[in-house]
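Descriptive analysis of the structure
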Amino acid sequence: MAKKQVFGEEAKSLKFAHRRMAKVIISKKNETGKFSYKETMIDQESVTDFIKNNKV
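This structure is a prediction, so every number in the text was calculated from the model and none was measured.

Some words on the confidence of the model for the protein chain
In regions of low pLDDT, the predicted coordinates are not meant to be interpreted in detail. When pLDDT is averaged along the protein chain, the result is 84; 88% of the residues meet or exceed 70. Mean pLDDT in the protein chain bottoms out at helix 1 (residues 9-17), which sits at 71, and peaks at strand 2 (residues 35-43), which reaches 92.

Here it is, written out as structure tokens:
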């Protein structure tokens, strides 16, 4: 059974409702010398900007 395809403004709104997300894990070194990890979920398009801003 095939799905009905939607065209027009309704299709655009459905497309933007399903954003592609990415999990990014960034490591940082503590004062004690051990590593701690921070993980966040962000839009797939802004992954490179997020990594550049959070580099040590």
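Here the narrative resumes.
Details of the nonpolar core
In this structure, A22, V24, I26, I42 and V47 together form the largest nonpolar core, which totals 5 residues. Among the elements that make up this core, the one with the highest residue count is strand 1 (residues 21-29) (3 residues). When neighbours within four sequence positions are excluded, I26 is seen to be in contact with S36, Y37, K38, F50 and N54.

Quick notes on the pairing of strand 1
Bridging between strand 1 and strand 2 involves 9 bridges; their strand directions are antiparallel. Opposite K23, over in strand 2, you have M41 as the bridge partner. Hairpin connection, strand 1 to strand 2: the antiparallel pair is bridged by 5 residues, and G33 has positive phi, about 100 degrees.

Calculation notes
- Residues numbered from 1 in each chain as written.
- Predicted model: local features only at pLDDT ≥ 70, side-chain atom pairs only at ≥ 80, totals over all residues.
- Heavy atoms only, no water.
- pLDDT = per-residue confidence, 0-100.
- Helix = DSSP H or I, 4+ residues; strand = E, 2+ residues; numbered from the N terminus.
- Core = buried A, V, L, I, M, F, W, Y, C linked by side-chain atoms within 4.5 Å.
- Buried < 20%, exposed > 50% of the residue type's maximum accessible area, 1.4 Å probe, protein only.
- Contact = heavy atoms within 4.5 Å.
- Pairing = 2+ DSSP bridges.

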